[in-house]
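Residue-level listing of the chains:
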Amino acid sequence: MKFNKSVNNIYLNNSVLDKIKKSYIKSDPNKIILRGFLKDGIYQQIYSKLKKQKIEQIKIPDRFSFKKHNLLSEVKDIFNNKEFREFLSIIIGKEVKKINLETREYGWKDYTLLHDSEAVGKRIEFFFIFAPNWDDFYGGSKIYEKKGKAFVFSPIGNSFCLINKKKDVLGFLQYINNYAGSQSILLVEGWI
Amino acid sequence: MGIQFTNNKPYKHIIINNFLNEKKAKELLKALKKEKFEEKDSDLFQFRQTQELKYSKNKTISEFYHFFSSKEFLDLIGKTTGKKLRRADMAGTLYIDTDYLLCHDDRLEGRKIAYVYYLSEDFKDKDGGDFVLFNSKNKKVNKAAKKFYPKWNSLLLFEVSKKSWHEVEEVVGNKKRYAIGGWFH
């Protein structure tokens, strides 16, 4: 299940890639959101497998609360292979050699907070979202702030988001409230 | 009261029940409900808050603020907490369904004692809104140690320090969690 066979064909089209690259460069901070990123069948297949995994609740109250998943081989095959690194290289305009990956699940009472230690260093971050039947009202948006201005990535399933997190850009995942009930969102989070 | 404040774990705190007489507490809640609440949100919180109540034009609120800021009351709280207190700031807060305040320590220059006076009616376990005190280990926040539900007409005081990690759990349902809070400096 390599990247080129899993991603929607439109995102392999050179002229589309060119537009994505231009959009990424023009925005401040540099960012893009690509909807319907994976082929539907692949998206469903990985989601089903992830939901069957045993998960571990991780909480440091003044920093974050979420469930950690083991990294599925299918996830690594898509988001940490040569084809994906080339795809990213085209968008950001520089070679991508190494990718760090994590899969996290966020449900009711989960969150991440802005933290001083985040302000150290800069990196390019991406995340891919699994979020069936999610309503923005439940929370769970990824919010990045730069000088008091907020950039909101709503949890829309099968979306790929990429952001150049410079030193003055801080990010957090909005607290998920009781309306989420037993539902959750899953994020494959990566950084370069 | 001072001994209880000092000995309480995980950090210095005390709850004083039936703080005002019932009639005064009800009058204060009625007055507080007339204040304008503004929605506040960030990564850490979502709730509603009034302006500084020292600027309130409402007579009942103004009297309460002046009572809290009086030398006699500052001396009494100072004696209970072992701190020399010079002034109090004060605002009203309102938490409704889905509002919360995540874990933090309240430290900011000049803050010595934090207080919350609860004017929340009929809160039960299922309604959320509990005040949670956390343990700390090696100067870092650890696990929840104690919880208080927002009990009508009770006053919570705690010392602001490197250990004073706390949160307000999300309110779930239709109850309104009214309180007046702030810090003694």
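**Q** Just to check I follow, could you spell out the pattern of salt bridges for this structure?
**A** Between side chains of opposite charge, a pair can form when the charged atoms approach closely. All names here are of chain B. Here the structure, examined in full by the defined rule, presents 21 salt bridges over all chains. Note that E63 is salt-bridged to K59, the shortest N-O span being 3.5 Å. With E63 and K59 both in helix α3 (residues 59-68) and four residues apart, the pair spans about one turn of that helix. Assessed through its relative accessible area of 62%, K59 is described here as exposed. Among the ionic pairs, D105 bridges to R107, the shortest N-O distance being 3.1 Å. One network of salt bridges, in which partners are shared, links E39, R48 and D99.

**Q** Mind showing me how you'd approach the interface of chain A and chain B here?
**A** You'll often see interface size given as the accessible area lost when the parts meet. Listed as interface residues are 13 residues of chain A and, on the opposing side, 15 residues of chain B. In this assembly, chain A packs against chain B so that about 1200 Å² is buried in total across both faces, 62% of it on carbon and sulfur atoms. Where chain A packs against chain B, one counts zero salt bridges. Across the chain A-chain B interface, the total number found is six residue pairs in polar contact (both at pLDDT 80 or more). Of the residues that constitute the side of chain A that touches chain B, the class distribution is 10 nonpolar, two polar and one charged.

**Q** Which parts of the structure should I look at to understand the environment of I15(B)?
**A** By the secondary structure assignment, I15(B) is in strand β1 (residues 13-16). For the pair I15(B) and N138(B), spaced 123 residues apart in sequence, the C-alpha to C-alpha distance is 27 Å.

**Q** Honestly, a positive patch on the surface in this entry has me stumped. Any pointers?
**A** Taken together, K94(A), K122(A), K166(A) and K167(A) make up a surface patch of like positive charges. By the element assignment, K167(A) lies in the loop between β9 (159-165) and β10 (169-173).

Definitions and limits used
Residues numbered from 1 in each chain as written. Chains lettered and ligands numbered in written order. Predicted model: local features only at pLDDT ≥ 70, side-chain atom pairs only at ≥ 80, totals over all residues. Heavy atoms only, no water. Salt bridge = Lys/Arg side-chain N within 4 Å of Asp/Glu carboxyl O. Helix = DSSP H or I, 4+ residues; strand = E, 2+ residues; numbered from the N terminus. Buried < 20%, exposed > 50% of the residue type's maximum accessible area, 1.4 Å probe, protein only. Contact = heavy atoms within 4.5 Å. Buried area = accessible area lost by both parts, 1.4 Å probe. Polar contact = N/O pair within 3.5 Å; in protein donor to acceptor, adjacent residues only side chain to side chain. Nonpolar A, V, L, I, M, F, W, Y, C, P; charged D, E, K, R; others polar. Patch = residues over 30% accessible without salt bridge, like charges linked within 9 Å, V, L, I, M, F, W, Y side chains within 5 Å. Areas by Shrake-Rupley, 256 points an atom, 1.4 Å probe, with all protein chains shown as cover. Lys, Arg positive; Asp, Glu negative; His and termini not counted. Charge placed at Lys NZ, Arg CZ, Asp CG, Glu CD.

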